[in-house]
Amino acid sequence: MYNFDEIIERRGTNAMNTDGFRSYIFHDDAGTMTFPYKDEEFIRMWVADMEFATPDVVIDGIKKRLDARIFGYTRVFGHAYYDAFVGWCREKYGWEFPQEQLVMSNGIIPALFEMVDYICAPDEKVLFVTPSYAYFKYAADYNARACVCSDLINKGGRWEIDFDDLERKCADPKTTLLIFCNPHNPTGRIWTEEELERVAAIVEKTGIWCISDEIHCDLIRSGLKHTPLAKVMPDYVRLVTCMAPTKTFNCAGLMISNVIIRDKALREKWLARHYNFDNPLSIAAAQAAYEKGGEWLEELKKYLDANFAFTKEYLAAHLPKARFVVPEATYLAWVDLSEYFAPDESLPGFFAYKAGVLLEGGKMFVQNSDGFIRLNLAMPRVMLAEGLKRICEAVNTKHSEKFIQKA
Ligand code: LCS
């Protein structure tokens, strides 16, 4: 019914994915780096958006709004958007929240950048678990707040929270904000209810502020369940929940996200200081997605499940020393290649030059991540197959060359 096999040309659309890799991955802002591959020859497995079309129901929502022909200053007014989003949360997560707690942001990252300033005094610190999506750190850096990291523990490919360490760090009176990624990028963990309850107990005991970034919560393996942190701590006021339709429905460029702020004073600060306007096309897209996108999402999940199964099998057959566990959430594969590479090797550089594959390396995830690559699998199966083939061939060639040199 939906064609996830379709290959869609993205070049010429100002896509970060096609045109932004030099600056983002290689810090080549001048865009002068050259590779043995032409730009159009790369298999792009890096930035977290998808090679799939946004569902028609979302595009139709935008078209309908285009028909209204005027795109003046816009905000979310009335109940329709809230009803659509809270309906989605009720159905998917058995969770709801009062409308007054919902504010909008042009992305979760911009919200994090603002929130750190609103929540933490200049001498206070921001805590997150590592490896981490690097923008958690950048949100602290931007505001000149110090970071504190709590390393996750890798138990045979299943990453777990070091609760003692987390508690110790939350208990520091100068650490006033925990940014918690639920489910977790890049490891793909869906924290179990028991794990969430332990986090909640630490947060409640220490009184720390918590932002639960749940942007990946819809993109989970079929049959699994996401639990909002807010659901296990229904009465804790210093909790902010972030969700968005943009990852789920592949419309990150529309820059719209939901921020649920329980604390009245923080909400008032947000409303007073935030630039409170939204893109009318984005609101239309988001509302349509929440109202009508559920069926597409279920099909997408099946396609992603199959991409993960394919990847698991392919790596086992062709790169037996790669360690990879199919993640519970996200469309991102977090693959341990430490058996093949020294810790100081640049993995994005190696794969761009030797394989024609654009991917992110562990070093882009703050710490506790050396030797890993992160592969975005949200693409047609033929592209994925080509990407994996090139990755495995490049690694195996490197190793046979080493062997020949030694012999
Ligand atoms: N939070 C997390 C945990 C993310 O993974 C991302 C995007 C965002 C927020 C971005 O939110 P936005 O500002 O778009 O609403 N993650 C990306 C990643 O891992 N690579 O490229 C984008």
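The shown structure was predicted, so the numbers you read here are calculated from the model rather than taken from an experiment.

**So, the overall build of the protein**
Looking only at helices and strands, the protein features 14 helices and 14 strands. Along the first, second and third principal axes, the C-alpha set of the protein runs to 70 × 55 × 45 Å. Looking at the protein alone, contacts between residues at least 24 apart form 75% of all its contacts between residues at least 6 apart. With the model as given, the accessible surface of the protein reaches about 17800 Å², and the carbon-plus-sulfur share is 53%. On the protein, the mean spot of the 48 positive side-chain charges and the mean spot of the 58 negative ones are 1 Å from each other.

**Structural notes on the domain arrangement of the protein**
Domain annotation for the protein reports domain 1 (16-54 + 295-406) and domain 2 (56-292). Here the C-alpha centre of domain 2 lies 26 Å away from the C-alpha centre of domain 1. Domain 1 puts 33 residues into the contact, and the matching count from domain 2 is 41 residues. Sorting the residues of domain 1 by area buried against domain 2 places T54, E328 and N368 first, and these three jointly supply 24% of that buried surface. Counting every contact that joins domain 1 to domain 2 gives four salt bridges. Connecting domain 1 to domain 2 are 21 residue pairs in polar contact (both at pLDDT 80 or more). Within the residue set of the side of domain 1 that touches domain 2, elements represented by two or more residues are α12 (294-318), β11 (332-336) and β14 (372-376). For the side of domain 1 that touches domain 2, the element with the highest residue contribution is α12, accounting for nine residues. Class assignment of the residues belonging to the side of domain 1 that touches domain 2 gives a composition of 20 nonpolar, five polar and eight charged.

**A word on the sheet that holds strand β3 (residues 125-130)**
Strand order in the open sheet formed by seven strands is β2-β10-β9-β8-β7-β3-β4, with mixed pairing between adjacent strands. Only two strands of the sheet have a single partner each, and these edge strands are β2 (102-105) and β4 (146-151). Pairs of neighbouring strands in the sheet enclose a mean axial angle of 25°, with direction left out of account. Across four bridges, strand β8 (residues 209-213) lies against strand β9 (residues 239-243) in parallel orientation. Looking at the pairing, D213 lines up with C242 of β9. Lying on the sheet, helix α5 (residues 108-119) is in contact with β2, β3, β7 (175-181), β8, β9 and β10 (257-261); it crosses β8 at an angle near 180°. Running at roughly 155° to β4, helix α6 (residues 134-142) makes contact with β3, β4, β7 and β8 of the sheet.

**A word on the layout of surface pockets**
The calculated volume of the largest pocket comes to roughly 1200 Å³. Every residue lining the largest pocket is counted, 48 residues in all, and those nearest its centre are A48, D49, K247, A252 and G253. Counting residues per element, the ones that place at least two in the lining of the largest pocket are α3 (56-67), α5 and α6. Looking at the lining of the largest pocket residue by residue, the class counts come to 29 nonpolar, eleven polar and eight charged. Empty space within the second largest pocket amounts to approximately 350 Å³. Forming the walls of the second largest pocket are 23 residues, and the residues nearest its centre are I25, H27, G361, K363 and M364. Breaking the lining of the second largest pocket down by element, the ones donating at least two residues are α2 (21-26), α6 and α13 (347-354).

**Overview of the sheet that holds β11**
Remark on secondary structure: sheet strands pair via backbone hydrogen bonds, oriented parallel or antiparallel. On the basis of which strands lie adjacent, the open sheet formed by three strands has the order β11-β14-β13 and antiparallel pairing. Each edge of the open sheet carries a strand with a single partner, namely β11 and β13 (360-361). Relative to β14, β13 runs antiparallel, the two being bridged by two bridges. Counterpart to E360 in the pairing with β14 is R374.

**As for the site of the ligand**
Near the ligand, the surroundings consist of 14 residues, among which I108, N185, D213, H216 and R374 are the closest. Within the backbone of A48, one N or O atom sits 2.9 Å away from an oxygen atom of the ligand. Relative to its unbound accessible area of 500 Å², the ligand is 90% covered by the protein chains. Assessed atom by atom at 2 Å from the grid points, the ligand resides in the largest pocket.

**Comments concerning the nonpolar core**
Inside soluble globular proteins, nonpolar side chains tend to come together where they are buried. With 76 residues, the main nonpolar core has F85, F97, L166, L178, F180 and L300 as its most contacted residues. The element best represented in this core is helix α4 (residues 80-93), accounting for eight residues. Residue assignment places this core across two domains, with domain 1 (16-54 + 295-406) and domain 2 (56-292) each supplying three or more. Apart from the residues within four sequence positions on either side, F97 is in contact with Y82, F85, V86, C89, L102 and I260.

**Considerations on the packing of α4 against helix α11 (residues 280-292)**
Across the interface, α4 lies against α11 with an axial gap of 8 Å and an inter-helix angle of 40°. Classified by the angle their axes make, α4 and α11 are oblique. As α4 runs across α11, the sense of the crossing is left-handed. Judged by residue contacts, A80, Y81, A84, F85 and W88 of α4 engage I283, A286, Q287, A289, Y290 and E291 from α11. Of the residues contributing to the contact of α4 with α11, the split by class is nine nonpolar, one polar and one charged.

Parameters at a glance
Residues numbered from 1 in each chain as written. Predicted model: local features only at pLDDT ≥ 70, side-chain atom pairs only at ≥ 80, totals over all residues. Heavy atoms only, no water. Helix = DSSP H or I, 4+ residues; strand = E, 2+ residues; numbered from the N terminus. Contact = heavy atoms within 4.5 Å. Areas by Shrake-Rupley, 256 points an atom, 1.4 Å probe, with all protein chains shown as cover. Lys, Arg positive; Asp, Glu negative; His and termini not counted. Charge placed at Lys NZ, Arg CZ, Asp CG, Glu CD. Domains from an automatic or database assignment. Buried area = accessible area lost by both parts, 1.4 Å probe. Salt bridge = Lys/Arg side-chain N within 4 Å of Asp/Glu carboxyl O. Polar contact = N/O pair within 3.5 Å; in protein donor to acceptor, adjacent residues only side chain to side chain. Nonpolar A, V, L, I, M, F, W, Y, C, P; charged D, E, K, R; others polar. Pairing = 2+ DSSP bridges. Axes fitted to C-alpha atoms, helices over the stretch in contact; angles between N-to-C directions. 1 Å grid on protein atoms, 1.4 Å probe; cavity = no way out; pocket = protein on both sides within 12 Å on 5 of 7 lines; lining within 4 Å. Points joined across faces, edges and corners; volume = space filled by probe spheres on them. Near = heavy atom within 4 Å. Sits in = over half its atoms within 2 Å of the grid points. Core = buried A, V, L, I, M, F, W, Y, C linked by side-chain atoms within 4.5 Å. Buried < 20%, exposed > 50% of the residue type's maximum accessible area, 1.4 Å probe, protein only. Parallel < 35°, antiparallel > 145°, perpendicular 65-115°, else oblique. Left-handed = near helix turned anticlockwise from the far one by under 90°.

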